[in-house]
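Reading the structure
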There are 2 protein chains.
Amino acid sequence: MSQTTTPTSAMSDTDLAELGQQLRVDSVRAAAAAGSGHPTSSMSAADLMAVLLARHLHYDFDRPDNPANDHLILSKGHASPLLYSAYKAVGAITDDELLTFRKLGSRMEGHPTPRLPWVDVATGSLGQGLPIGVGVALSGSRLDKLPYRTWVLCGDSEMAEGSVWEAFEHAGVEGLDNLTAIIDVNRLGQRGPTRHGWDLDAYARRIRAFGWHTVEIDGHDIAAIDEAMTSAARTRGAPTAIIARTRKGRGASEVEDKEGKHGKPLTDPDAAIGELGGRRDLRIEVRRPDEAEPAPRGGGDPHTSLPRYATGGSVATRTAFGETLAALGSLHDDIVVLDGEVGDSTKAQLFAADHGERYFECYIAEQQMIAAAVGMGVRGWTAFACTFAAFLTRAHDFLRMAAISRSSINVVGTHAGVAIGEDGPSQMALEDLAMMRAIHGTTVLYPCDPNQTVQLVTAMTGRPGISYLRATRGEGPVIYGPGDAFPVGGSKVLRSHPDDQVTLIGAGVTVHQALAAADQLVADGTRARVIDLYSVKPVDTQTLRTAAEDTGRFVIVEDHHPEGGLADAVMESFGNGHPAPRHTRLAVHTMPGSATPAQQLDAAGISAPAIAAAARKLAAS
Amino acid sequence: MSQTTTPTSAMSDTDLAELGQQLRVDSVRAAAAAGSGHPTSSMSAADLMAVLLARHLHYDFDRPDNPANDHLILSKGHASPLLYSAYKAVGAITDDELLTFRKLGSRMEGHPTPRLPWVDVATGSLGQGLPIGVGVALSGSRLDKLPYRTWVLCGDSEMAEGSVWEAFEHAGVEGLDNLTAIIDVNRLGQRGPTRHGWDLDAYARRIRAFGWHTVEIDGHDIAAIDEAMTSAARTRGAPTAIIARTRKGRGASEVEDKEGKHGKPLTDPDAAIGELGGRRDLRIEVRRPDEAEPAPRGGGDPHTSLPRYATGGSVATRTAFGETLAALGSLHDDIVVLDGEVGDSTKAQLFAADHGERYFECYIAEQQMIAAAVGMGVRGWTAFACTFAAFLTRAHDFLRMAAISRSSINVVGTHAGVAIGEDGPSQMALEDLAMMRAIHGTTVLYPCDPNQTVQLVTAMTGRPGISYLRATRGEGPVIYGPGDAFPVGGSKVLRSHPDDQVTLIGAGVTVHQALAAADQLVADGTRARVIDLYSVKPVDTQTLRTAAEDTGRFVIVEDHHPEGGLADAVMESFGNGHPAPRHTRLAVHTMPGSATPAQQLDAAGISAPAIAAAARKLAAS
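Residues numbered from 1 in each chain as written. Chains lettered and ligands numbered in written order. Predicted model: local features only at pLDDT ≥ 70, side-chain atom pairs only at ≥ 80, totals over all residues. Heavy atoms only, no water.

What about the relation of the copies chain A and chain B?
For the record, the criterion: For the least-squares superposition of copies, only C-alpha atoms count, and only for residues with pLDDT at least 70 in both. The contact definition used throughout considers only heavy atoms, calling two residues in contact when any of these lie within 4.5 Å.
Each copy superposes on the other: chain A lies on chain B with an RMSD of 0.0 Å after a rotation of 180 degrees and an axial shift of 0.0 Å. Viewed as a symmetry operation, the transformation between the two copies matches a two-fold axis. For chain A, the residue whose C-alpha comes nearest the rotation axis is A:Gly162, separated from it by 1.8 Å. Interface overlap between copies: 100% of the residues of chain A at the interface are likewise at the interface in chain B, consistent with a symmetric, same-surface contact.

See below:
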């Protein structure tokens, strides 16, 4: 087969129809080689992809980090064969690599991930591409101030996800005319017809109501697609949704518009390839963007001081977080902050006073908040997304996918645990440590003191992966000095003596309870070591093992449900055959109601008297 | 103060305005007594509540379990003072109890929970009341076939949550004319103005686009409220949203329509009470519903057989789940099934063939799926909500709140772990055990065999709290007989000998790997006990402790991230000072790509050879 690179400017509509057929053929071939995959979902969108590549995308495939590049997000990530076929058509990958689809070690994964340099974010959990695209587009208009466009290819099934409507709302209100959603309405979901079938207007009505410009087209009409994309690029003040009627499996009679054909290779790929006009090897040159550089970053005022708190005072870690964030915002001009409409409570709002242009109000839409942070991370911004820790559970799937995206974002959850007091269980994060620890590659930090908070928040800014800070609502004593160091992966031994009989381990509010318990224990002759395990992940294995050797007994106390939190983190250090200490776990086993913070700690059995009692019992055993 | 009970039929609009003022006064008093709470958010909606109580709600406060009762869900749960003040006005609670608001032991919690018999579900995490209300309304129209209405009082801030739009979509398409959303547009969120302020039409346009009937009113105009509610009750074929312009803190100049007054008691409650016309003690009689009984339930065909699988065959646990569910549907006519548009994959669809009227397609909207299950649970239906385990993370906050609601629902997640193979990490649940274990009061089950699956799914149906079943995509060997028993909280010792040197512990796919490893170990003279820990929560502490005493060494292997899963569950049995065995944990530490299931298990180091190697190393130590 001969290969010629056609300048895209010279490609006729007929050429583009040919390109669409090639993308279909290659999608069929990739799935056939893999023995699995989603060719039919690729075939419906092939013409949309062809026109986008050849006429509208501005992208430098040799330089995926070119800041002027457009962004293409395949929200319907299962249509990965289409994306990879497109990469082949533009010369980014070979046909041989395309045919490694879904094989061990291949970059051509079942759903796209940023192992491929042209993929911004992992997709495959539906309803995430558009929310993240909003974050990228916001970066373009409000941070980078560059004219790149963000194109998001969506499926119709994923329109049922509420996260998509958070994104429509966010983009609509922000008037992001640099964002285009292309919705491939092939009317068939995984298990049968979608809710709205080919009722394009059902989608258009809804999306328009959210302030978008909409265009309804036949998604196999090259000229109509071209016109719609042109209209999207020309529209000012509103994002555009191109709502395209398509046929799933288009062009292959075995599968076209048939139920039961989702997520399977074709039974007879050769016949389908024949129907599609056979193999082609069109090679197209995607238009490169005009050279453009964003305003230089990484400056900031190096003379800004971080907050310092005098020992003996009383300060909430959330307050220290907010004040540190504000200072870091002056030190580093690449920090951006996203709020879930609780910035007055999380204290993230303190950042807004001096850095309002880098502060993003996401309202009560935690999925969109995390997605926007991921999108800004795509463009190199260091994002802090902040809300009550309890409400981060709303964004669990986005956090999970952010890890697969190799995204480095910072997440801050305040108002953790029963220590919030009267508001009751709906506002209490008692599962957040379990959630954040179990996500791949995370860092989980939980300070008990404002000076410690300063250090930990600062450490988060340069750290790869998802970093999570758990902060407390109420004030607590300042026990550390401003000069103390708190490395990630470390811990602080607050009481230690060669004759220690037991080790008390806490983090956050329970550190103060453990210290009080140690004082009570000394009074009746029991020496207790106290460890502040502020780095919950990674955990300070060496210090824990030494304490186990020295004292043989641990009381681990946490303001969290018993599962997945501090105690589990501690016990991780005693895998690999390392002898584990005898230990007692104190955690929140009951369903709290309303009460004062002190009453809550008592009721849950995680206050000083309960710790002291557990330690006495354990030491006597 | 004298108290008279006024028949609601005799109450004039002026009387209702008085009732509204009383609800405001009592909200101010409750928050003042507590020293915290949300009086201003209560005051904006007081007139809406007054008219609803007196003229439109049909509810038997003496018999909250009356199946004919309407349902009132306070989606803006922070306005709890308003709800409790309403309960006082209808005579359900005393003024003394009202003033225990937010105190230790009081039922008057900061946010409502079903500790109060008139509260269907806990609220306080915004954007959940309407989705759950859709589930209640669906029960009314499609299951109970009773004319009760569901009224959901929403805040304007929570309209930013995508879950609300999943609910608008679900209810709109289902044409739930027995559902009314009342949106209290007081224009002020927690930290300042909402996105749309008093632009009622911004809400109405969006909601209408989703197929609802909308009415825009002045939320302090008694006659207008009454007319809107009448219109809601009369509208056929569509749910109604009443979009009410209100003023936060209405009636008290200290706070009315002012920023910075969210979630705080008034500084001068006496002055505000004076402005509001002083204390009143109106006592109203809510109209009781007409007697009505739903069709009798709990019947079903007792002769239906549960599936039985012949040992030696090969069956996926997801298939056994689907087949069991279908049989249980015949045995028990109170079982309902909800699908997240993957019923062909989870096999939940097998239920639909014979029980289509109890099968609910929720499309790809996991939050709405769980919410609808909770709503059906309110009406006593035994719900199974099913999707890929990975996508249950989408509904984490709904599951967390379902626990606070004391809801008994069953959740099934299939396609767990790297064992799914080629689809890659976006589809792999590797955090679900951590998530589900950490939720209060859950049961977590993970079968490795189809006969075991039959027993466990059956056990879920009558179990209180949230029960979770983790199921596997691929086929596995049938190792148990149809008569074997698998009690919740138990385990199965598959290999055991007095000379065992090490215990291998797995669940689901890793059981089969552990068995293979044990065979390899025997070949070189190492005896290994094998435990199938199918009940991950509660865990079989006794069997684990015996194994620890007998063998002293554990290898725990799981198809899950290292945090929060099986190993942590095992180690829980060694708290309370009980000596822990030396142990090695094998779990998924890496970020998987695409590969075959067998390659995935190998790459993650959780297949038989890795288990055998770890056991040898541990046994030698």
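Some words on the sheet that holds strand E16 (residues 492-495) of chain B
Residue and element names in this part refer to chain B. Heads up, the condition is: For two strands to pair, DSSP has to find at least two bridges joining them. Where helices and strands are cited, they refer to DSSP runs of H or I of at least four residues and of E of at least two residues respectively, numbered from the N terminus. Lines are fitted to the C-alpha atoms to define the axes, a helix being fitted only along its stretch in contact, and any angle between axes, read from their N-to-C directions, falls within 0 to 180 degrees.
The strand order across the open sheet built from 5 strands is E16-E18-E17-E20-E21, with neighbouring strands paired in mixed fashion. Both outer strands of the open sheet, E16 and strand E21 (582-586), are each paired with one neighbouring strand and no more. If you compare each strand with its neighbour and ignore which way they point, the axes differ by 25 degrees on average. The sheet contacts of helix H19 (residues 541-551) involve E16, strand E17 (502-506), strand E18 (528-532) and strand E20 (553-557), and relative to E18 the element is tilted by about 170 degrees.

Considerations on the side chain of A:Arg470
All names here are of chain A. As a reminder, the rule being used: Note on exposure labels: buried denotes an accessible area under 20% of the residue type's maximum, exposed denotes more than 50%, and partly exposed covers the range between, all computed with a 1.4 Å probe on protein chains only. N or O atoms closer than or at 3.5 Å make up a polar contact, with two conditions inside protein: a donor-capable atom paired with an acceptor-capable one, and, for residues adjacent in sequence, both atoms drawn from side chains.
Turning to its location among the elements, Arg470 is positioned in strand E14 (residues 467-470). Here Arg470 falls in the buried class, since its relative accessible area comes to 0%. Within the structure, Arg470 has its side chain in polar contact with the backbone oxygen of Ala429 (distance 3.0 Å). Within the local environment of Arg470, its side chain forms a polar contact with the backbone oxygen of Asp559, the two atoms lying 3.1 Å apart. Those residues within four positions of Arg470 in sequence are excluded, and the remaining contacts are Gly413, Ala416, Gly417, Ala429, Leu430, Asp432, Leu433, Leu445, Tyr446, Pro447, Asp559 and His560.

A few points about the packing of helix H1 (residues 13-34) of chain A against helix H4 (residues 80-89) of chain A
Residue and element names in this part refer to chain A. The cut-off we apply is this: Angular relationships are summarised with four words: roughly parallel below 35 degrees, roughly antiparallel beyond 145, roughly perpendicular across 65 to 115, and oblique for the angles in between. A crossing counts as left-handed when the near helix is turned anticlockwise from the far one by less than a right angle, and as right-handed when that turn is clockwise. Under the grouping applied here, Gly and all other residues not named as nonpolar or charged are polar, the nonpolar ones being Ala, Val, Leu, Ile, Met, Phe, Trp, Tyr, Cys and Pro and the charged ones Asp, Glu, Lys and Arg.
Running from amino to carboxyl end, H1 crosses H4 at an angle of 120 degrees, the nearest separation of the two axes being 8 Å. Of the possible angle classes, the one that applies to H1 and H4 is oblique. Relative to H4, H1 is oriented so that their crossing is right-handed. Packed against H1, whose contacting residues are Leu19, Gln22, Leu23, Asp26, Ser27 and Arg29, the element H4 presents Pro81, Leu82, Ser85, Ala86, Lys88 and Ala89 at the interface. Residues that form the contact of H1 with H4 fall into these classes: 6 nonpolar, 3 polar and 3 charged.

Observations regarding helix H3 (residues 46-56) of chain B
Burial within H3(B) is extensive, with 11 of its 11 residues counted as buried. Taken together, the buried positions of H3(B) are B:Ala46, B:Asp47, B:Leu48, B:Met49, B:Ala50, B:Val51, B:Leu52, B:Leu53, B:Ala54, B:Arg55 and B:His56.

A look at the pattern of salt bridges
To keep it simple, the criterion reads: We count a salt bridge whenever a side-chain nitrogen from Lys or Arg sits within 4 Å of a carboxyl oxygen from Asp or Glu.
Considering all chains together, one arrives at 82 salt bridges over all chains under this definition. Residue B:Asp62 is joined to B:Arg288 by a salt bridge in which the shortest nitrogen-to-oxygen separation is 3.1 Å. In this pair, B:Asp62 is assigned in the loop between H3 and strand E2 (71-74) and B:Arg288 in the loop between strand E7 (283-285) and strand E8 (314-316), connecting sequence segments 226 residues apart. Note on B:Asp62: relative accessible area 63%, which makes it exposed. A relative accessible area of 41% places B:Arg288 in the partly exposed class. Through salt bridges with shared partners, a single network forms among A:Asp26, A:Arg29, A:Lys88, A:Asp95, A:Arg279 and A:Asp281.

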